[in-house]
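Coordinate analysis (summary)
Here is what each chain is made of, one letter per residue.
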Amino acid sequence: MKDKIWLSSPHMGGDEIKFVQEAFDTNWVAPLGPNVNGFEEDLQNYTGAKYAAALSSGTAALHLSLIMLGVQPGDEVICSSFTFSATINAIRYQFATPITIDSEEETWNMSPKFLEEAIKDRIANGKKPKAVVLVHLYGVSAKIDEIVEICNRYEIPLIEDAAEALGATYKGKALGTFGVMGILSFNGNKIITTSGGGALISDNEEYITKARFLATQARDNAPHYQHTHVGYNYRMSNICAGIGRGQMKVLDEHVALRRKNYAFYKEELAKYEGITFLEEPENSFANMWLTCILVDPAKTGGITRDDIRLALEAENIESRPLWKPMHLQPAYEAHPFYGDGTSERLFNMGLCIPSGSNLSDEDRNRVITVLHAVLSK
Ligand SMILES: *Cc1c(COP(=O)(O)O)cnc(C)c1O
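Residues numbered from 1 in each chain as written. Predicted model: local features only at pLDDT ≥ 70, side-chain atom pairs only at ≥ 80, totals over all residues. Heavy atoms only, no water.

1. Re the environment of Gly339
Stated formally: By definition, any uninterrupted DSSP run of H or I lasting at least four residues is a helix, any uninterrupted run of E lasting at least two residues is a strand, and each is numbered from the N terminus. Exposure is judged per residue with a 1.4 Å probe applied to protein chains only, and the accessible area is read against the type maximum: over 50% gives exposed, under 20% gives buried, and values in between give partly exposed. Contacts: residue pairs with any heavy atoms within 4.5 Å of one another.
Tracing the sequence through the fold places Gly339 in the loop between strand S14 (337–338) and helix H11 (342–349). You can call Gly339 partly exposed: its relative accessible area is 31%. Along the primary structure Gly339 and Met110 are separated by 229 residues, whereas in three dimensions their C-alpha atoms are 9.7 Å apart. Those residues within four positions of Gly339 in sequence are excluded, and the remaining contacts are Asp102 and Phe114.

2. Some remarks on the packing of helix H10 (residues 305–314) against helix H12 (residues 361–375)
To characterise two packed helices, one gives the angle between the axes of the helices and the distance between these axes. Worth spelling out the cut-off: Orientation is described by lines fitted to C-alpha atoms, with helices fitted over the stretch in contact, and by angles between N-to-C directions that extend from 0 to 180 degrees. For classification purposes, angles smaller than 35 degrees are called roughly parallel, those larger than 145 roughly antiparallel, those between 65 and 115 roughly perpendicular, and all remaining angles oblique. Here is the rule for handedness: rotate from the far helix to the near one, and if that takes an anticlockwise turn smaller than a right angle the crossing is left-handed, while a clockwise turn gives right-handed. Polar here means any residue outside two lists: the nonpolar Ala, Val, Leu, Ile, Met, Phe, Trp, Tyr, Cys and Pro, and the charged Asp, Glu, Lys and Arg; Gly therefore counts as polar.
The contact between H10 and H12 brings their axes to 10 Å, and the two run at 135 degrees. If you check the angle between H10 and H12, you find them oblique. The way H10 lies across H12 gives a crossing that is right-handed. Mapping the contact onto sequence places Asp307, Ile308, Ala311 and Leu312 in H10 and Val367, Val370, Leu371, Val374 and Leu375 in H12. By residue class, the composition of the contact of H10 with H12 is eight nonpolar, no polar and one charged.

3. Some remarks on the packing of helix H3 (residues 58–68) against helix H4 (residues 86–93)
The interhelical angle for the contact between H3 and H4, taken along N-to-C directions, is 45 degrees, at an axis separation of 9 Å. Taken together, the axis directions place H3 and H4 in an arrangement best described as oblique. Read as a crossing pair, H3 and H4 show a hand that is right-handed. Two secondary-structure elements touch here, H3 through Thr59, Leu62, His63 and Leu66 and H4 through Ala86, Thr87, Ala90, Ile91 and Tyr93.

4. Overview of the side chain of Gln247
Basically, it comes down to this: Pairs of N or O atoms within 3.5 Å make up the polar contacts considered here, provided that, within protein, one atom can donate a hydrogen while the other can accept it, and that residues adjacent in sequence are counted only when both atoms are side-chain atoms.
Along the polypeptide, Gln247 turns up in helix H8 (residues 238–248). Engagement of the side chain of Gln247 in a polar contact is seen with the side chain of Glu16, the distance being 2.8 Å. Gln247 has contacts with His11, Met12, Gly13, Glu16, Ile192, Thr193 and His254, leaving out every residue within four places of it along the chain.

5. Focus: the domain arrangement of the protein
Convention followed: Note: domain ranges come from an automatic or database domain assignment. Put simply, buried area is the surface a 1.4 Å probe can reach on two separate parts but cannot reach once they are joined, added for both. Every case where a carboxyl oxygen of Asp or Glu lies within 4 Å of a side-chain nitrogen of Lys or Arg is listed as a salt bridge.
When its domains are assigned, the protein resolves into domain 1 (16–248) and domain 2 (251–375). For domain 1 versus domain 2, the separation of C-alpha centres amounts to 25 Å. Of the residues lining the interface, 45 residues belong to domain 1; the matching set on domain 2 comes to 38 residues. Interface area for domain 1 against domain 2, summed over the two sides, is near 3,800 Å², with a carbon-plus-sulfur share of 62%. Together, Trp108, Tyr138 and Ile191 form the three largest contributors to the area buried by domain 1 at its contact with domain 2, with a combined 22%. Counting the contacts that link domain 1 with domain 2 gives one salt bridge. With a closest N to O distance of 2.6 Å, Glu105 and Arg345 form a salt bridge. Scanning the region where domain 1 abuts domain 2 turns up 25 residue pairs in polar contact (both at pLDDT 80 or more). Only H4, strand S3 (97–101), helix H5 (112–124), strand S6 (169–170) and H8 provide two or more residues apiece to the side of domain 1 that touches domain 2. Classifying every residue of the side of domain 1 that touches domain 2 by side-chain character gives 20 nonpolar, 14 polar and eleven charged.

6. Looking at the site of the ligand
The line we're drawing: Throughout, the term near means that a residue has one or more heavy atoms lying within 4 Å of the molecule or strand in question. The Shrake-Rupley method, run with a 1.4 Å probe sphere, supplies the accessible areas, and residue values consider only the shown protein chains as cover.
As a matter of local geometry, the ligand sits amid 15 residues, with Thr59, Asp161, Glu164, Ser185 and Lys190 nearest to it. One of the side-chain nitrogen or oxygen atoms of Asp161 is found 2.7 Å away from a nitrogen atom of the ligand. Within the complex, 93% of the 380 Å² of free accessible area of the ligand lies under protein. Counting residues per element, the ones that place at least two in the shell around the ligand are H3 and H4. Broken down by class, the residue content of the shell around the ligand amounts to four nonpolar, eight polar and three charged.

7. Looking at helix H7 (residues 205–215)
Side chains that are three or four residues apart share a direction in an α-helix, a result of its 3.6 residues per turn. To keep things clear, this is the line we draw: Picture the helix axis, draw a direction to every C-beta atom, and the arc is the one those directions span.
Residues Tyr207, Ile208, Ala211, Leu214 and Ala215 constitute the buried set of H7. Taken around the axis of H7, the buried residues stretch over an arc of 130 degrees, which confines them to a single face. Its buried side turned inward, H7 meets strand S1 (51–55), H3, strand S8 (181–185) and strand S9 (198–202). Capping the start of H7, Asn204 holds a side-chain oxygen 2.9 Å from the backbone nitrogen of Glu206, two or three residues further along. Immediately beyond the C-terminal end of H7, within one or two residues, lies Gln217, with a positive phi of roughly 70 degrees.

8. Regarding unusual backbone geometry
Even without glycine at this site, Glu155 takes up a positive phi of about 55 degrees. If you trace the backbone, Glu155 turns up in the loop between helix H6 (144–154) and strand S5 (158–161). For Lys171, which is not glycine, the phi torsion reads 50 degrees and is therefore positive.

9. Here we look at the sheet that holds S8
The strands making up a sheet are joined through hydrogen bonds of the backbone, oriented either antiparallel or parallel. Inclusion rule: Strands qualify as paired when DSSP identifies two bridges or more between them.
Here eight strands make up an open sheet; going across it, the order is S1-S9-S8-S5-S4-S2-S3-S14 and the pairing mixed. The open sheet is flanked by S1 and S14, the only strands paired with a single partner. With four bridges joining them, S8 and S9 adopt antiparallel strand pairing. Each residue of the ladder has a partner; that of Ser185, found in S9, is Gly198. Each of S1, strand S2 (76–80), strand S4 (131–135), S5, S8 and S9 touches H3; the most contacted strand, S8, lies at about 165 degrees to it. Contacts from H6 reach S4 and S5 within the one sheet, and its direction differs from that of S5 by about 150 degrees.

In structure tokens:
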């Protein structure tokens, strides 16, 4: 059996181990320490956000962002339907009701049209949504200008789930810095990793100070353990943050390599009718975290997304359908949804193909050989 080619696997730059070693040498093996502070500074400098809190996961960051906005049981929170489940799960952690919004065709992200329709309808139903959680899927910018304008007009705070979008910008500004808060993820499959981890970023110092406080068990200032608030154990460890500091040094290189993968696949597959790509929207810079294709069997002579997936699997190459929309998930299908079936159609035809920044030329050639073989049948 040939070596496995993964969709997106961790890619170390080399300096990570130095920061981790330093943590061991100084015995900062704790959920606090110089690497955590250093990593937070790196994130602030890189994204341009004034403040950052390094946390145990992107999911923890989402949960804290909703707590910060005062989301309570029974409140309604709007979010993108086409996303990874963590986005919507965090809403349920607060016992709030998720209202899911379909995608638009261009960026595959939240449709501004259905967002406004939903806001109007929820208000007419007697409840104004407490927050909007906007996802920038696969490192591609959503229609930010329109969505920010709608949120401002209705005075609803915007949280950006930029878990997949570190390194991506819109009009030169980092994704995750357009709303009142943004969240990042450093899970093992993301563009950089801390093995597991996340961050909350914001220009609002109060949010970040409070997030750090809640993430370390909400301990009041007293010699004994005194608690006025419910706390969480959501802080990032100094070991993981050391990996993060090393990864920040290679982030731009990783983005460049992922964009190179995308360009390679796009050029190679240009000749096939029925294969289209998630495109980089105007005025934006995408990190191309995963290369995503749509396979339209009506134009490929009947070849489907799953034909390609199974052919890759037979060669020990991992690929995966696009995220299954949340309004189609048994856990969430009973909640209100506003849309026209766009994300469902994308899900039915879409496939993510190997996109790691550590793919070799040989790896890419193995992938493309399979794709050519299937598509020229
Ligand atoms: C990965 C991801 C998350 C969750 O991040 P974790 O660090 O794995 O908790 C949230 N939202 C999206 C869109 C993601 O892809």
